[in-house]
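Spelled out, the chains give:
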2 protein chains.
Amino acid sequence: MKELKREFEPYSGLILDLDGVIWVGERPIAEALEAVKKLRTLGKKMLFVTNNSTRSRRDYEKRLRDLGLEVDINEIMNSGYATALLLKERYGGGRTYVVGEKGLVEELEGQGLQVISREECWDNGADFVVVGMDRGFNYWKIATAMRAIRQGALFIATNADKTFPSEKGLLPGAGTMVAAISTASGKKPDIIVGKPNAHIFEIALKKMNLRREEVLVIGDRIDTDIEGAYKAGIKSLLILTGVTSREEVEKSEIKPNFILNSMKELFL
Amino acid sequence: MKELKREFEPYSGLILDLDGVIWVGERPIAEALEAVKKLRTLGKKMLFVTNNSTRSRRDYEKRLRDLGLEVDINEIMNSGYATALLLKERYGGGRTYVVGEKGLVEELEGQGLQVISREECWDNGADFVVVGMDRGFNYWKIATAMRAIRQGALFIATNADKTFPSEKGLLPGAGTMVAAISTASGKKPDIIVGKPNAHIFEIALKKMNLRREEVLVIGDRIDTDIEGAYKAGIKSLLILTGVTSREEVEKSEIKPNFILNSMKELFL
C-alpha cells in the first residue's frame, strides 16, 4: 500500500458500504481497515452508507472506533438517518408511526420527527408510516400501519432487502415487513430510501457536499450498492470480499466501473 | 317461502358461504336462517364452507346452533379443516409447522398431522409449513417458516385473503401472512386451499359425496365464492346480502349463474 492507483485519484469522496466491505458479519476485514486509514491520510472524504436501520449512527461510530478507525458520526449514514433527513427536508416534520427498531426511532427523533405510539396511530392516524427491519414485528403493527396508510399516511420504507445473512443463517429483512404491509394496505411504498434506490446516495452527496462526478461508491453487492450507484449516476467499485462473485458480475446486466479483490488493491 | 323455485330444484346439494350469507360480522341474517331451515325440510344436503381458519368447525357448529339451526359438525368446512383433509389424503401425514391460530391447529391435529413447535421446526425443519390468519403473527414465526421452506418444506396457505372486515375495521388477512413468508422464503405457496381456488370445493364435493352437477355454491363474493365455484366447474348463486353489489357483478368478467337479493328469493 504505497500510493493510490491513478484511476482512483480523481475521486475526492468515497461512499463505503459496511457489511461485506469493512466487515463480514462479526469479522472485520483487516485489509479494509488499513486501506481506510491510508485513504484518510490522503485527505479523502468518506461516508459509510448502510441499508441497516436497526442500529443508530452512534452504534456504528462506536463499532468503527472499536476497530481502530477515527470516524465521526457525520461520516455515517444508515437508511434510518437517510429517511429522517429526507422526511425533514421534504415535509418539515410530521406525526410518524414507526415499524422498526430502536436505532430507527432514535434517528427519526434526532431530526425532529414526532414518533407516535401504536395506540395513538390507531386512534388518530399518522402523516408517515416508516417501515424498517423489526425483530418486534407483529400482527397489530401490520394492522395499525395498514389502517394509517389506507387513511392517507405516506408509506416510507427504509429499504427493501428481502432477507439478510446473520450468524443464525438467513433472516427476514425490511422487505419482508414491507411486503406484509403492502399486501394489507393495498399500496406499494411511496418512497423506498435505501439502496438500490438512488435516494440514499442523493442524500449522501448532499451530506458530503460533493458533486456526483467527485464521488466513488464502494460496495460488495451488485444488486444494491452498484445498482444504486448506477441509478444515482455515481461511479462504482465492486469489492469481492462480500456477497457478489466475479462470475455473478459477468452475468449481471449492471456492471461496476471497477472491480477489485480487496480494498488493498486500491493502492500500488 | 312456499316452495323452491323450479330453477333451484335440480341441486340436491348446497355449498353455503357463512359471512355475508348467513351473517354479516356479528349480525345474523334472519331471512337466511329461515331459508336454511326450509331447505333442510326439503331434504337438501348442505355444507357451510368458509375461508376463515381461526375458528374450528366445533366453534362454527356452536354458533350456528345458537342461531337455532340444527347442524352437524360434518356440515361445516373451514379452510383449516380442508387443508387438514388435503394433507392427510395426499401425503398421509407429516411434521407440520403452523403459522395460525388455535382453530387451525385443532383441525390439523384432528386429521392426525403432527404439529411441531417453533423451536423444533427451527432446529429440524418440517414437512409442511401451513400458513393461515394469525393474530399472534410475529418476526420469529416468519424466520422459522422461511427457514423450513428454504430447506424444502411444502408451503401451504389455508387461503390468501389479503384483508377481512371486522368490527374494528379492515384487518390483515391470511394473505398478508402469506406475502411476508413468500417474500422471506423467495417462494410462492405450493398450494392455496381456500376460495377462489378450486381445492376447497373439490374437497367439499368429496365430503358431500355428490357430483359437481348436483351442487350449487351460494356466496356473497364474486372474487372468492363465485370465482372458486367457476374454477371447480360448479354452478353458483350470488346473494347480494354481503360484499358484492349488482353493479360489481356487471363489471366483473366472472358471472354467477344466478343472482338473488336475499336467500328468501330461493322460494316462490
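Residues numbered from 1 in each chain as written. Chains lettered and ligands numbered in written order. Predicted model: local features only at pLDDT ≥ 70, side-chain atom pairs only at ≥ 80, totals over all residues. Heavy atoms only, no water.

### Quick look at empty space enclosed by the protein
What counts is decided by this rule: Cavity means a closed set of points on a 1 Å grid over the protein atoms alone, one where a 1.4 Å probe fits but cannot get out, pocket means an open set with protein on both sides within 12 Å along at least 5 of 7 lines, and lining means a residue has an atom within 4 Å of a point. Grid points are joined across faces, edges and corners, and a volume is the space filled by probe spheres set on the points. Ten residues, namely Ala, Val, Leu, Ile, Met, Phe, Trp, Tyr, Cys and Pro, are considered nonpolar, four, namely Asp, Glu, Lys and Arg, are considered charged, and the remaining ones, Gly among them, are considered polar.
Evaluated as defined, the whole model comprises two cavities of 30 Å³ or more. Each pocket or cavity is described by its volume, and for the largest cavity that value is around 40 Å³. The wall of the largest cavity is formed by L4(A), F8(A), L14(A), L39(A), K44(A), L216(A) and L266(A). The residue inventory of the lining of the largest cavity, partitioned by class, reads six nonpolar, no polar and one charged. Taken as a whole, the second largest cavity spans an internal volume of roughly 30 Å³. Residue lining of the second largest cavity: L4(B), F8(B), Y11(B), L14(B), L39(B), K44(B), L216(B) and L266(B), and that is the complete set.

### Topic: the sheet that holds strand β5 (residues 76–78) of chain B
All names here are of chain B. Note the following rule: Strand pairing is assigned whenever DSSP identifies at least 2 bridges connecting the two strands. Counting from the N terminus, the helices are DSSP H or I runs at least four residues long and the strands are E runs at least two residues long. In this analysis an axis means a line fitted to C-alpha atoms, helices contributing only their contacting stretch, and an angle means the value between N-to-C directions, from 0 to 180 degrees.
The strand order across the open sheet built from six strands is β5-β4-β1-β13-β14-β15, with neighbouring strands paired in parallel fashion. Because the sheet does not close on itself, it has two edges, and the strands there are β5 and β15 (258–260). Each strand of the sheet is rotated relative to its neighbour by a mean of 20°, with strand direction disregarded. Sheet topology note: the strand β14 (residues 235–239)/β15 ladder contains three bridges and is parallel.

### Considering the packing of aromatic side chains
Centre-to-centre distance and the angle between the planes together describe a pair of aromatic rings. All names here are of chain A. Rule in force here: Aromatic pairs are defined between Phe, Tyr and Trp rings, using the six-membered ring for Trp, whenever the two ring centres lie within 6.5 Å; interplanar angles under 30 degrees are classed as stacked, those over 60 as edge-to-face, and all others as tilted. Whether a residue is buried, partly exposed or exposed follows from its accessible area with a 1.4 Å probe, protein chains only, as a fraction of its type maximum: under 20%, in between, or over 50%, in that order. We call a charge positioned above a ring when the Lys NZ or Arg CZ atom is no farther than 6 Å from the ring centre and deviates by at most 35 degrees from the ring normal.
Enumeration according to the criterion identifies ten aromatic pairs over all chains in this entry. For the pair Y91 and F128, a centre-to-centre distance of 5.3 Å together with 55° between the ring planes defines the contact as tilted. Here the residue Y91 occupies a position in helix α3 (residues 79–91), and F128 occupies one in strand β8 (residues 128–131), the gap between them amounting to 37 residues. You can call Y91 partly exposed: its relative accessible area is 38%. Classification of F128 as buried rests on a relative accessible area of 4%. Three or more aromatic residues joined by ring pairs form one cluster here, namely F8, Y11 and F258. Across the ring face of W23, the terminal group of R63 is positioned such that the distance to the ring centre comes to 3.6 Å. Cation over ring: R147 sits above W122, and NZ or CZ is 4.0 Å from the ring centre.

### Notes on the pattern of salt bridges
For clarity, the cut-off: A pair is scored as a salt bridge if a Lys or Arg side-chain nitrogen falls within 4 Å of a carboxyl oxygen belonging to Asp or Glu.
Scanning all chains against the criterion turns up 36 salt bridges over all chains. Residue K62(A) is joined to D66(A) by a salt bridge in which the shortest nitrogen-to-oxygen separation is 2.8 Å. One end of the pair is K62(A) and the other is D66(A), both in helix α2 (residues 57–66) and four residues apart, which spans about a single turn. Accessibility assignment for this pair places K62(A) and D66(A) in one class, exposed. The closest approach of N and O atoms between E214(B) and R211(B), which form a salt bridge, is 3.3 Å.

### Topic: the domain arrangement of chain A
Reports of interface size often rely on the accessible area that becomes lost once the parts have come together. Residue and element names in this part refer to chain A. The condition that has to hold: In this entry, domain limits derive from an automatic or database-based domain assignment. Whether two residues are in contact is decided by their heavy atoms, any of which lying within 4.5 Å being enough. Two parts placed together each lose some accessible area; with a 1.4 Å probe, that loss summed over both constitutes the buried area.
Structurally, chain A comprises domain 1 (6–51 + 196–266) and domain 2 (92–192). On a C-alpha basis, the centres of domain 1 and domain 2 stand 28 Å from each other. With four residues of domain 1 in contact, the opposing surface of domain 2 contributes four residues. Overall, the association of domain 1 and domain 2 removes approximately 480 Å² of surface from exposure, summing both partners, and the carbon and sulfur fraction of that is 44%.

### With respect to the sheet that holds strand β13 (residues 215–219) of chain A
Residues and elements named next belong to chain A. Read across the sheet, six strands follow the order β5-β4-β1-β13-β14-β15 without closing on themselves; strand pairing throughout is parallel. With one partner strand each, in any of the chains shown, β5 (76–78) and β15 (258–260) form the two edges of the open sheet. Across the sheet, the axes of successive neighbouring strands diverge by a mean angle of 20°, strand direction being ignored. By the bridge criterion, four bridges tie strand β1 (residues 13–16) to strand β4 (residues 45–50) in an arrangement that is parallel.

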